[in-house]
Amino acid sequence: QVQLVESGGGLVQAGDSLKLSCAAIGFSFYSYSMAWFRQAPGKERDFVAGIGWIAEQTTYSDSVKGRFTISRDNAKNTLYLQMNALKPDDTAVYYCAQGIKYGLASLLSEDVAAWGQGTQVTISS
């Protein structure tokens, strides 16, 4: 059974940094593309960053490019999202997503195979 367990969320001030982690269980993590999405109150769930099964392939939404970094450690079956220079607009529930086997970095929500439970990130101004 596939499980994705996020951690690392919290309440920080604008300009601070946070690092999210996602522990992947129950599938061959190394062979899947992975991604982070986020959902703010009253808004749709949006793509934030993706990483291909080949880790050098990454892609980001325009709103986080240059501030966030997605990475993966296949030995630990763990996905990460390093978030720097956080802004109040980054406030949302962040979700880890299992993508496509041997997939590229970009991932549409309708192609997500499994979701984590989400972790709250709140940025105060």
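Whatever comes next refers back to the structure up there.
For every chain, the first residue of the written sequence is number 1, and numbering continues from 1 onward in sequence order. With pLDDT at 70 or above as the cut-off, local features in this predicted model cover only qualifying residues; side-chain atom pairs require 80 or more to be listed or tallied, and sums for whole chains, interfaces and linings still use all residues. Note that water and hydrogens are dropped before the side-chain values are worked out from all heavy atoms of the structure.

Participant: Help me understand the nonpolar core, please; the structure alone is not making it clear to me.
Facilitator: Generally speaking, a soluble globular protein has its nonpolar side chains buried in company with each other. Here, nonpolar core means buried Ala, Val, Leu, Ile, Met, Phe, Trp, Tyr and Cys residues that are tied together by side-chain atoms lying within 4.5 Å of each other. The classification of residues rests on relative accessible area computed with a 1.4 Å probe and restricted to protein chains. Under 20% of the type maximum is buried, over 50% is exposed, and intermediate values are partly exposed. Counting residues in hydrophobic clusters, the biggest one holds 28 residues, and the most contacted among them are Trp 36, Leu 79, Leu 81, Met 83 and Tyr 94. Every helix listed is a DSSP run of H or I at least four residues long, and every strand listed is a run of E at least two residues long, numbered separately from the N terminus. Of all the elements in the fold, those that place two or more residues in this core are β3 (18-25), β4 (32-39), β5 (45-51), β7 (68-73), β8 (78-83), β9 (92-101) and β11 (119-124). By definition, residues are in contact when any of their heavy atoms lie within 4.5 Å. Filtering out sequence-adjacent residues up to four positions away, Tyr 94 remains in contact with Glu 6, Leu 20, Trp 36, Phe 37, Arg 38, Val 48, Phe 68, Leu 81, Met 83, Gly 118, Thr 119 and Val 121. Residues Ala 35, Phe 37, Ala 97 and Leu 107 belong to the second largest nonpolar core, which totals 5 residues.

Participant: How do you make sense of the pattern of salt bridges when you look at a structure like this?
Facilitator: Note on pairing: side chains with opposite charge can pair once their charged atoms come close. Salt bridges are identified by distance alone: a Lys or Arg side-chain nitrogen within 4 Å of an Asp or Glu carboxyl oxygen. For the structure on display, the rule yields 3 salt bridges. The partner of Asp 90 in a salt bridge is Arg 38, and the shortest N-O contact between them spans 2.9 Å. Here Asp 90 is found in the loop between β8 and β9, whereas its partner Arg 38 is found in strand β4, with 52 residues between them in sequence. Here Asp 90 and Arg 38 have matching classes, each one buried. In this structure, Arg 67 engages Asp 90 in a salt bridge whose closest nitrogen and oxygen atoms are separated by 2.8 Å. Note that Arg 67 is positioned in the loop between β6 (58-60) and β7 and Asp 90 in the loop between β8 and β9, a separation of 23 residues in sequence. Each of Arg 38, Arg 67 and Asp 90 takes part in a single network of salt bridges with overlapping partners.

Interpretation note: all reported values are geometric properties and have no functional meaning in isolation.
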